[in-house]
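# Structural overview
The lines below spell out each chain.
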Amino acid sequence: EHTDRWNLPAGSAESDSLHYTGGLRKQTINPRRTMNRFTALPLTEAQTPLMLAREEGIVSEAGVSILDGETRTKYSSGTLTLTTHRLLWMSSGSERSGIQLDLKLVVEFTVPSGFFGALSLGSYMTVALHSIPVSNPIQPSSLANYIKLSFAGRTDVAKLKKAADTTLANFLKTAAETSTTPSAQDPAALPSLQYVGIRGIVQRQENELKKSEQDIKSAFSDLKSLMDKAKDMVALVQHHSAKAKTRTDSAKDDSDELQQFAVSLGISAPVTRESHGTGTRYIRDLAHQLAEFLIPVLAKYGGMMTLPDAYCIINRARGTCLLSPEDMLQACELFSSLSLPVKYTVLPSGVKVVQSQAYTVDEIAAVVRALLETRPFLSAADLAVHQGHSITLCREQLLALERAGHVCRDDSIHGLLFYSNRFAGH
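Nothing here was measured: the structure is a model prediction, and the numbers come from that model.

### Brief notes about the sheet that holds strand 17 (residues 407-412)
In space, the three strands of this open sheet follow the order 16-18-17, with antiparallel pairing throughout. On the outer flanks of this sheet lie strand 16 (378-379) and strand 17, each paired with one strand and no other. Inspection of the sheet shows strand 16 paired to strand 18 (residues 415-420) by two bridges, in the antiparallel sense. Following the sheet pairing, Ser379 is matched in strand 18 by Leu417. Relative to the sheet, helix 10 (residues 391-403) contacts strand 16, strand 17 and strand 18, its axis offset from that of strand 17 by approximately 120 degrees.

Listed below in structure tokens is the structure:
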């Protein structure tokens, strides 16, 4: 009979071993601390997990609590994300924090047999861990070498276990392949017999067909390698950019350049409904990713841009995982409530914009004053050419400067023109 259970011998607090029965095998594991396999999860400026090279999100679940064996921990009601390399847990509060577990420390995932094929409330999954000492004591003590993932909502644990098993198998397979160097003789280097006559013609046609097939396979292989390398570059740039921010001011230019490079490479693992579910959790995770991506974009465009312009840039970066306008708008509306460094604003004219939290009207005022020193007046088109922004946004910025008293406007048959406010300061 297939069972999944943990057997704790009598006097387990002082015992030397734990016995785990999973499936049809029995494993003896030393009772080291479980939670010390977890380490703190590094976050980006937009409070999203900092991904590794070639790491992609597989599945995400909200309302997940972590139990250290059978003991409850402080890691309660957070978001659990399974990636190709790690198991991530993020808190659900406004001040987000998280922990991570490397998949190389996982033995297997198990669920109680009664939950297979059914959606159940209060279900859980057991994660057996390897007995290796790791000095990261997030929790001071533990009696078991396993954790339990408790799901508060209605979760299909059978489907989740299948995804976890597949991910773990692929991770271990990749690790095994990279640790060995295969050597095989290239069949193309072997001598071949040459024929004449009709048989020779057939042979040449077969050789040409094989060569064409190899060329096609090589082309697709190169394309896949290029895509993989692009993901590696995105992760590498994001990693070094995050490290550069913690250094001195002399590294600021390098950090800005790296961020601009990351923008040109695109989003390596876009948040989708397939990977992050539907409803509020999907929109919240999307808001964090959009804020993270828009930080260097807004720095390039002076701290503010219209929502349609931001939508086009983001969808270009997402590649084939296009984002709907409705999802984009809902995510932007959460910027302020999530305390992100980007905010969504509707200007008095009704134009929707996204801007950095640090943006003020004084920044564009300094640019406009410098331009008006070299010319008698300034139009929205003139400012758009100088700044590289849309005319609509530049018009709104000039009107904001007028309301702040930095410029005066003249609305005539020649158009809407702005002049220096010579009465300012008097």
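Having seen the structure, we can now continue with the description.
### Some details on the pairing of strand 15 (residues 352-356)
The element strand 15 is extensively covered by neighbouring structure, given that four of its five residues are classed as buried. Across three bridges, strand 13 (residues 304-306) lies against strand 15 in antiparallel orientation. In the strand pairing of strand 15, Met305 is matched with Val354. Across five bridges, strand 14 (residues 342-346) lies against strand 15 in antiparallel orientation. Counterpart to Val346 in the pairing with strand 15 is Lys352. Where strand 14 folds back on strand 15, the antiparallel hairpin that results is connected by five residues, among which Gly350 adopts a positive phi of roughly 100 degrees.

Cut-offs applied
Residues numbered from 1 in each chain as written. Predicted model: local features only at pLDDT ≥ 70, side-chain atom pairs only at ≥ 80, totals over all residues. Heavy atoms only, no water. Pairing = 2+ DSSP bridges. Helix = DSSP H or I, 4+ residues; strand = E, 2+ residues; numbered from the N terminus. Contact = heavy atoms within 4.5 Å. Axes fitted to C-alpha atoms, helices over the stretch in contact; angles between N-to-C directions. Buried < 20%, exposed > 50% of the residue type's maximum accessible area, 1.4 Å probe, protein only.

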